[in-house]
Amino acid sequence: GAVVSQHPSWVICKSGTSVKIECRSLDFQATTMFWYRQFPKQSLMLMATSNEGSKATYEQGVEKDKFLINHASLTLSTLTVTSAHPEDSSFYICSARDVTSGSSYNEQFFGPGTRLTVL
Amino acid sequence: AQKVTQAQTEISVVEKEDVTLDCVYETRDTTYYLFWYKQPPSGELVFLIRRNSFDEQNEISGRYSWNFQKSTSSFNFTITASQVVDSAVYFCALSMNTGFQKLVFGTGTRLLVSP
């Protein structure tokens, strides 16, 4: 099956620094990737939709200047948390959409997640 | 707007008991997809099933079964003879057949299976 990786799997950083998280589709090309955030004991909340070669589309309430998304190739999207603060500590999950299946639904394959802790 | 409700926040059962996780959804679209995912303590989402709105047949896969009823907008998930390894958070999700087919997740049900 399709595999999506995330790097790093966890990161601890100091308040005020920026952190970059990578999401890669390993065995398929993904024109669309999604970024989710999950706080402890809560559900997954979609942050943004990332499209290869164009600007990301952010969900309401998500600061685009704080969460920079770049989808530079068909297999890589990055999320940069700029000037991170403790309230940004969360589990960040990406998914990649496989549009080559030929079916009416294009499956989303999820990465293993990145746990960010901001001190 | 689309919405998924999982009213059960946490369920505790003893091993070998059967357990049903409820999911109720809201949408105005006629074509949509429903999903169940498992999230074990490691955090990685595990896909369990996808159902499209035109297929109301119940499905069974080993100890897992799903009951889809459009009349009540429900897509319930039953685990038969539960095992300790079933302990996880289970999410029900809904996707439209338009645009990027974004997923809307329910709040999740935490299942604790004790020996």
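Everything here concerns the structure above.
About the cut-offs
- Residues numbered from 1 in each chain as written.
- Chains lettered and ligands numbered in written order.
- Predicted model: local features only at pLDDT ≥ 70, side-chain atom pairs only at ≥ 80, totals over all residues.
- Heavy atoms only, no water.
- Patch = residues over 30% accessible without salt bridge, like charges linked within 9 Å, V, L, I, M, F, W, Y side chains within 5 Å.
- Areas by Shrake-Rupley, 256 points an atom, 1.4 Å probe, with all protein chains shown as cover.
- Salt bridge = Lys/Arg side-chain N within 4 Å of Asp/Glu carboxyl O.
- Helix = DSSP H or I, 4+ residues; strand = E, 2+ residues; numbered from the N terminus.
- Pairing = 2+ DSSP bridges.
- Contact = heavy atoms within 4.5 Å.
- Buried area = accessible area lost by both parts, 1.4 Å probe.
- Buried < 20%, exposed > 50% of the residue type's maximum accessible area, 1.4 Å probe, protein only.
- Disulfide = S-S within 2.5 Å.

Considerations on a nonpolar patch on the surface
Alright, step 1. A cluster of nonpolar side chains, contributed by W10, I12 and L119 of chain A, occupies part of the molecular surface with about 380 Å² of accessible area.
Alright, step 2. Take L119 of chain A: it is sitting in the segment after β11 (114-118).

Considerations on the pairing of strand β8 (residues 64-69) of chain B
All names here are of chain B.
Alright, step 1. Pairing analysis gives three bridges linking strand β7 (residues 59-61) to β8, with the strands arranged antiparallel. Pairing of S61 across the sheet is with Y64, part of β8.
Alright, step 2. In this antiparallel pair of consecutive strands, β7 and β8, the connection spans two residues, and G62 shows a positive phi of 65 degrees.
Alright, step 3. Two elements, β8 and strand β9 (residues 74-79), share six bridges in a ladder whose sense is antiparallel. Pairing of Y64 across the sheet is with I79, part of β9.
Alright, step 4. Connecting the antiparallel pair β8 and β9 is a turn made up of four residues, with S73 showing a positive phi of about 50 degrees.

A short note on the interface of chain A and chain B
Alright, step 1. If you look at the interface, chain A gives 23 residues, while chain B gives 22 residues.
Alright, step 2. For the pair chain A and chain B, the summed buried area comes to about 1,800 Å², and 52% of that belongs to carbon and sulfur atoms.
Alright, step 3. Run the count over chain A and chain B and you get two salt bridges.
Alright, step 4. A salt bridge links K102 of chain B to E59 of chain A; its shortest N-O distance comes to 2.8 Å.

So, the pairing of strand β4 (residues 32-38) of chain A
Residues and elements named next belong to chain A.
Alright, step 1. β4 sits mainly inside the fold: seven of its seven residues count as buried.
Alright, step 2. What you see with β4 is no split at all: T32, F34, Y36 and Q38 on one side and M33, W35 and R37 on the other are buried throughout.
Alright, step 3. Here β4 folds back onto strand β5 (residues 45-51), and the loop between the two strands holds six residues, one of which, K41, carries a positive phi near 60 degrees.
Alright, step 4. Sheet analysis places β4 next to strand β9 (residues 90-97), joined by seven bridges and oriented antiparallel. By the bridge assignment, T32 is partnered in β9 with R97.

Quick look at the state of the cysteines
Residue and element names in this part refer to chain A.
Alright, step 1. With the rule as written, the count across this model stands at two disulfides over all chains.
Alright, step 2. In this model, C23 is linked to C94 through a disulfide, with the two sulfur atoms separated by 2.0 Å. Between C23 and C94 the disulfide shows an S-S torsion of about 80 degrees. By sign, it is right-handed. Here C94 lies in strand β9 and C23 lies in strand β3 (residues 19-25), a separation of 71 residues in the sequence.

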